[in-house]
Amino acid sequence: MPSPAYKRILLKLSGEALMGDDSYGINRATITRIVTEIKEVVDLGVQVAVVIGGGNIFRGVAPAAEGMDRATADYMGMLATVMNALALQDAMRHIGLVSRVQSALNIEQVAEPYIRGKAIRYLEEGRVVIFGAGTGNPFFTTDTAAALRGMEMNAEIVLKATKVDGVYTDDPKTNPDAMRYKSLSFDEAIIKNLKVMDATALTLCRDQSLPISVFSIFKQGALKRVVMGEDEGTKVLP
Ligand SMILES: Nc1ncnc2c1ncn2[C@@H]1O[C@H](COP(=O)(O)OP(=O)(O)OP(=O)(O)O)[C@@H](O)[C@H]1O
Ligand SMILES: O=c1ccn([C@@H]2O[C@H](COP(=O)(O)O)[C@@H](O)[C@H]2O)c(=O)[nH]1
């Protein structure tokens, strides 16, 4: 029986992926499928830390945020990720997966604060740690939070589970001729401005030699295939 390629991963889950076919919010069947896939890799002995995005909730209120002070809108976005983190934890509990939510914003009646040592301890105990509220700072994204927490957790790789099945030469949603990379370097992704992940996140990962794997969360079994080191999605490498 082949063993997983990684002992500890940082999984960045797209907030929008939780919508399933709905136009906003959290789709129950979709979140259940996603946590079931996470459980499969936890059952292989892989330590899993999760950073969750907020696009499914935040983009729904985006029209109201128009013209709003940027930092205020960003705090709203971070709170949206806390809601997703709680929903994810609840869905995990339903399938018998034990997790802990840590928030980068102090909201202690709702979630424990982010404490690096405690998070690492949870991972060593086989618990999934879900990081909410991104980095806790406006003007950043949850991709950057994934890079940051990935480094802090000493994860071997950041897995970006998103709506597309890899990094393309151009945005595949707007350019049907875009071609998918099997792998590419951080420098290439940054220089060509391939917007699948923001430049701050890419630069952080490059500087710390933390590889990234981009794959589709809609593709059944893709997470497990990436964890097993199989050919799936795109790898961004130092
Ligand atoms: N060169 C590219 N290759 C692949 N995807 C690209 C590229 N350029 C732009 N994209 C777009 O980037 C999107 C993924 O990044 P995005 O930040 O929007 O999502 P996310 O971080 O997964 O979600 P969320 O913000 O909801 O958490 C894809 O849906 C795709 O349309
Ligand atoms: O560190 C962070 C992370 C997020 N935000 C805000 O939240 C939303 C939702 O995050 P996504 O990465 O787009 O899923 C984001 O648009 C920011 O407004 C933040 O300010 N700081």
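Residues numbered from 1 in each chain as written. Chains lettered and ligands numbered in written order. Predicted model: local features only at pLDDT ≥ 70, side-chain atom pairs only at ≥ 80, totals over all residues. Heavy atoms only, no water.

Caption draft 1: Spotlight on unusual backbone geometry. Even without being glycine, A133 reaches a positive phi, approximately 70°. Relative to the assigned elements, A133 resides in the loop between β5 (128-132) and α6 (142-152). Phi at F139 is positive, roughly 70°, even though this residue is not glycine. Its location among the elements puts F139 in the loop between β5 and α6. (Helix = DSSP H or I, 4+ residues; strand = E, 2+ residues; numbered from the N terminus.)

Caption draft 2: Spatial organisation of the site of ligand 1. Neighbouring ligand 1 are 22 residues; K12, K160, T162, Y168 and D171 lie closest to it. E16 is positioned with one of its backbone polar atoms (N or O) 3.0 Å from an oxygen atom of ligand 1. At 3.5 Å from an oxygen atom of ligand 1 is found a main-chain nitrogen or oxygen belonging to V196. When the free accessible area of ligand 1 is taken as 640 Å², the share hidden by the protein chains comes to 88%. Under a 2 Å grid-point criterion requiring more than half of the atoms, the pocket assigned to ligand 1 is the largest pocket. A breakdown of the residues in the shell around ligand 1 according to their chemical character gives six nonpolar, six polar and 10 charged. (Near = heavy atom within 4 Å. Polar contact = N/O pair within 3.5 Å; in protein donor to acceptor, adjacent residues only side chain to side chain. Areas by Shrake-Rupley, 256 points an atom, 1.4 Å probe, with all protein chains shown as cover. 1 Å grid on protein atoms, 1.4 Å probe; cavity = no way out; pocket = protein on both sides within 12 Å on 5 of 7 lines; lining within 4 Å. Sits in = over half its atoms within 2 Å of the grid points. Nonpolar A, V, L, I, M, F, W, Y, C, P; charged D, E, K, R; others polar.)

Caption draft 3: Layout of the pairing of strand β6 (residues 157-162). Where burial is concerned, most of β6 is hidden: six out of the six residues are buried. Taken together, the five bridges between strand β1 (residues 8-13) and β6 define a ladder with parallel strand orientation. In the sheet register, K12 faces β6, and the bridge partner there is K160. For β6 and strand β8 (residues 212-216), the ladder comprises five bridges, and the chain directions are parallel. Considered in β8, the bridge of A161 is made with F215. (Buried < 20%, exposed > 50% of the residue type's maximum accessible area, 1.4 Å probe, protein only. Pairing = 2+ DSSP bridges.)

Caption draft 4: Quick look at the UniProt feature "binding site: UMP" (unreviewed entry) in the protein chain. Those places that UniProt annotates as "binding site: UMP" (unreviewed entry) correspond, in this numbering, to G54, D74, T135, G136, N137, P138, F139, F140, T141 and T142. These annotated residues cover 89 residues of sequence, but their C-alpha atoms sit close together, with the largest distance between any two at 14.3 Å. As for the annotated residues named above, the ones lining the largest pocket are G54, D74, T135, N137, P138, F140, T141 and T142. Using a relative accessible area of 15% as the deciding quantity, one classes D74 as buried. Once residues lying within four places of it in the same chain are set aside, the contact partners of D74 are P138 and F139. Positionally, T135 belongs in the loop between β5 and α6. On the basis of relative accessible area, T135 is assigned to the buried category, the value being 14%. Every residue in contact with T135, bar those within four places of it in the chain, is listed here: A104, F140, T141, T144, A145, L148 and R149. (UniProt positions renumbered as here; feature names shortened; annotations may be inferred. Contact = heavy atoms within 4.5 Å.)

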